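# Coordinate analysis (summary)
Each chain is listed here by its residues.
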Amino acid sequence: MGVVFLAEQMSLKRNVALKVLDSRLTSSYERLERFRREAEIAAKLRHPNIIAVYGIGESKGYPYFAMEYSRGYPPRSS
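These remarks concern the structure in this document. (Residues numbered from 1 in each chain as written. Predicted model: local features only at pLDDT ≥ 70, side-chain atom pairs only at ≥ 80, totals over all residues. Heavy atoms only, no water.)

Judged by nonpolar contacts, Ala17, Leu21, Leu25, Phe35, Ala39, Ala42, Val53, Phe65 and Met67 together constitute the single largest core of nine residues. Of all elements in the fold, only strand E2 (14-21), helix H1 (29-44) and strand E4 (62-68) reach the threshold of two or more residues within this core. With three residues, H1 is the single largest residue contributor to this core. Contacts of Ala17, omitting those with residues within four sequence positions, involve Val4, Phe5, Phe65, Ala66, Met67, Glu68 and Tyr69. (Core = buried A, V, L, I, M, F, W, Y, C linked by side-chain atoms within 4.5 Å. Buried < 20%, exposed > 50% of the residue type's maximum accessible area, 1.4 Å probe, protein only. Helix = DSSP H or I, 4+ residues; strand = E, 2+ residues; numbered from the N terminus. Contact = heavy atoms within 4.5 Å.)

Now for unusual backbone geometry. The backbone phi angle of Lys13 is positive, close to 50°, even though this residue is not glycine. Within the fold, Lys13 resides in the loop between strand E1 (2-9) and E2. If you check the backbone angles, Lys60 has positive phi at about 55° while not being a glycine. In this fold, Lys60 is placed in the loop between strand E3 (53-59) and E4. The class of Lys60 is exposed, set by a relative accessible area of 79%.

Printed below as a string of structure tokens:
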């Protein structure tokens, strides 16, 4: 439903994962609502294995939400 980018939250100088709704879906009210609900529900979840949602918004007509950045797999070696 969206594309995820590595981005910098400049105000706090940290990396975030930025999920942006696919441009082909922005004209559908139902898709916009589904995307918004996904962000709202994810933002309420608290668990060590779930990425935190920092905020939602829109820029130049593209809805997005910013999430905690996780490097993913393979894990970093110590």
